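Given next are the chains, with one letter for each unit.
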Amino acid sequence: MILLTSTRFDEHVTPPGHPERMERAHVFDAAAARWMSRGGRAAAPRAARREELERVHDPGYVDRIARTAGHPSMLDEDTFTSPGSYEVALLAAGAAIDAVDHALDHREAAFALVRPPGHHAERDRAMGFCLFNNAAVAAASGLARGLDRVAVVDIDVHHGNGTQWMFYGDPRVLYISSHQFPFYPGTGAADEVGKDEGAGFTVNVPMEAGSTDADYSLVYRAIVGPVLDAYAPQLLIVSVGYDAHQRDPLASMRVSTAGYAAIVGMLQASVTSHGSIALVTEGGYDLTALASCLDESFVTLDRGLSGARTLPDDGPAPRGERALAAVRAAQAPYWRAI
């Protein structure tokens, strides 16, 4: 496993009290330093090129974000830029692309530690702390390399509306998201399944507030794993948000650090025989939880199948049962595996 990251990610500065703060970058730096002290590898990413961004973003939108360079701005009530944000956002998208390239070229896990996050950014709109949609840019990079089965699994507590809409009609990209629902940004109902040729290639798993490791374990074993097995992606991109953690201040979930590590391990195992895995950070706003989840995810990815934690299959999971029923009802025409 290799990390793609840079000490420059703290140059994206948000207003005082904003949850997506520069200290998150310092957690990334410290986690990368711990990883390298144990003999792990890391590399500095490059900036994304304009043509790479325009695979998923409108040219006018790229221009709009570029014009924020050198001065602060407010893009919506949650999303801000500082003088260095444009360059940092290019670096974040570039790190996600580099992670995909490394995963495909070397058949080993690659993890991009980046901010700002990306999965809420739509084709022509910044929102939810996000400027460019890093995971979507990375998925489009995989398609540009000739792949025709790319999966994006979004484990952030918020639904990745931007990623969903960018590929909503495209069967070459399977989008799966587990997220608190109803919750920001208001999308991600089980019956949002894709359209036209992409029908069935969006799989939303809406989870009730208070969902635990057992609830997540159920839906990942009964929905996410079987769908990935049936789709057999050549590339799996994971939008890694750690904000479903029980310590996170922005949501109401009860996932533990070990639960997150188990999800990451399960996703890695799902592509070991036929594809590659690249991961890119999204949310996660309790700094202690963010640090512990990163450390445990690194260990899990580095050990691979030999050391991956298994998702527990016992314990009450009433919220997971209700999510499973909703997804099965919506996806029945598309996925026999569930």
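Preceding this paragraph is the structure being described.
Residues numbered from 1 in each chain as written. Predicted model: local features only at pLDDT ≥ 70, side-chain atom pairs only at ≥ 80, totals over all residues. Heavy atoms only, no water.

(A) Local environment of the packing of helix α4 (residues 85–106) against helix α5 (residues 134–144). Remark: α4 packs on α5, axes separated minimally by 8 Å, with the N-to-C direction vectors making an angle of 40°. In this view, α4 runs oblique relative to α5, as classed from their interaxial angle. For the crossing formed where α4 meets α5, the hand is right-handed. Across the interface between the two elements, A89, A92, A93, A96, I97, V100 and D101 of α4 pack against N134, V137, A138, S141 and G142 of α5. Class assignment of the residues belonging to the contact of α4 with α5 gives a composition of 8 nonpolar, 3 polar and 1 charged. (Axes fitted to C-alpha atoms, helices over the stretch in contact; angles between N-to-C directions. Helix = DSSP H or I, 4+ residues; strand = E, 2+ residues; numbered from the N terminus. Parallel < 35°, antiparallel > 145°, perpendicular 65-115°, else oblique. Left-handed = near helix turned anticlockwise from the far one by under 90°. Contact = heavy atoms within 4.5 Å. Nonpolar A, V, L, I, M, F, W, Y, C, P; charged D, E, K, R; others polar.)

(B) Structural detail: the packing of aromatic side chains. According to the stated counting rule, one finds 10 aromatic pairs in the structure shown. On the numbers, 6.0 Å between centres and 80° between planes, the contact of F201 with W335 is edge-to-face. With F201 in the loop between β7 (173–180) and β8 (202–207) and W335 in the segment after α10 (318–331), this pair connects stretches of sequence that are 134 residues apart. Following the ring pairs from residue to residue traces out a cluster consisting of W35, F111 and F298. (Phe/Tyr/Trp six-rings, centres within 6.5 Å; stacked < 30°, edge-to-face > 60°.)

(C) Here's a closer look at the pattern of salt bridges. Counted under the stated rule, the structure contains 18 salt bridges. The residue R8 makes a salt bridge to E11 at a minimum N-O spacing of 3.1 Å. Under the relative-accessibility criterion, E11 is labelled partly exposed at 33%. Where R50 meets D63, a salt bridge forms, and the shortest distance between an N and an O atom there is 2.7 Å. Of this pair, R50 sits in helix α2 (residues 50–53) while D63 sits in helix α3 (residues 59–66), and the two are 13 residues apart along the sequence. Classification of R50 by relative accessible area gives partly exposed; the value is 35%. Here the salt bridges share partners, and the residues they tie into one network are R46, R49, E51, E52 and D98. (Salt bridge = Lys/Arg side-chain N within 4 Å of Asp/Glu carboxyl O. Buried < 20%, exposed > 50% of the residue type's maximum accessible area, 1.4 Å probe, protein only.)

(D) Region of the structure containing helix α1 (residues 23–37). When the terminal C-alpha atoms of α1 are compared, their 21 Å separation across 15 residues agrees well with the 21 Å that a helix rising 1.5 Å per residue should span. Within the sequence span of α1, burial applies to R24, A25, V27, F28, A31, A32 and W35. One side of α1 holds all its buried residues, which, seen down the axis, span an arc of 155°. If you follow the buried residues of α1, they end up packed against β1 (2–4), β2 (41–43), β10 (276–281) and α9 (287–303). Remark: G39 follows α1 within two positions and exhibits a positive phi of approximately 95°. (Expected span 1.5 Å × (residues − 1). Arc of directions from axis to C-beta.)

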